[in-house]
Amino acid sequence: QVQLVESGGGLVQPEGSLRLSCAASRNIFTFNFMGWYRQAPGKERELVARITSGGSTVYADSVKGRFTISRDNAKNTVYLQMNSLKPEDTAVYYCYADRPISGRSWGQGTQVTVSS
């Protein structure tokens, strides 16, 4: 099993920025996918962004042009840079990792609140 630890959440004003980090307990080089989901109160969990082992990325339409996902294999860490934040981005953000055979692992989640 791989442990994923998120950090970087918090309270930010609209149009502000935050960077989330997800540190894995083992080498991420062979992970098929890593990424972020989010879940707002009363809503289903939705994919925000993901990145493959080769660096290809996918984003939800609602965050395209504002969020950037990246990975640092040397640090076993995936990042989510969030700019131009909106109140509707308020949610708990969860990091995940998909590994061959072992399947999906989740982090514990980090709260992001966008409010003035």
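A brief structural summary. (Residues numbered from 1 in each chain as written. Predicted model: local features only at pLDDT ≥ 70, side-chain atom pairs only at ≥ 80, totals over all residues. Heavy atoms only, no water.)

## Some details on the environment of Ser115
Turning to its location among the elements, Ser115 is positioned in the segment after strand S11 (110–114). Looking at Ser115, the relative accessible area reads 38%, which means it is partly exposed. Spatially, the C-alpha atoms of Ser115 and Gly16 are 9.8 Å apart, while their sequence positions differ by 99 residues. Every residue in contact with Ser115, bar those within four places of it in the chain, is listed here: Leu11, Val12, Gln13 and Pro14. (Helix = DSSP H or I, 4+ residues; strand = E, 2+ residues; numbered from the N terminus. Buried < 20%, exposed > 50% of the residue type's maximum accessible area, 1.4 Å probe, protein only. Contact = heavy atoms within 4.5 Å.)

## Considering the pattern of salt bridges
All chains considered together, the criterion is met by five salt bridges. The shortest N-O distance in the salt bridge between Asp89 and Arg66 comes to 2.8 Å. With Asp89 in the loop between strand S8 (77–82) and strand S9 (91–99) and Arg66 in the loop between strand S6 (57–59) and strand S7 (67–72), the pair connects residues that are 23 residues apart, well separated along the chain. Overlapping salt bridges bring together Arg38, Glu46, Arg66 and Asp89 as one network. (Salt bridge = Lys/Arg side-chain N within 4 Å of Asp/Glu carboxyl O.)

## A word on the side chain of Arg99
With respect to the element layout, Arg99 can be found in strand S9. Buried within the structure, Arg99 lacks any salt-bridge partner; its nearest side chain of opposite charge belongs to Asp98, at an N-O separation of 8.4 Å. Not counting chain neighbours up to four residues away, the residues in contact with Arg99 comprise Gln1, Val2, Arg26, Phe31 and Asn32. (Lys, Arg positive; Asp, Glu negative; His and termini not counted.)

Any link to function would need more than the numbers given here.
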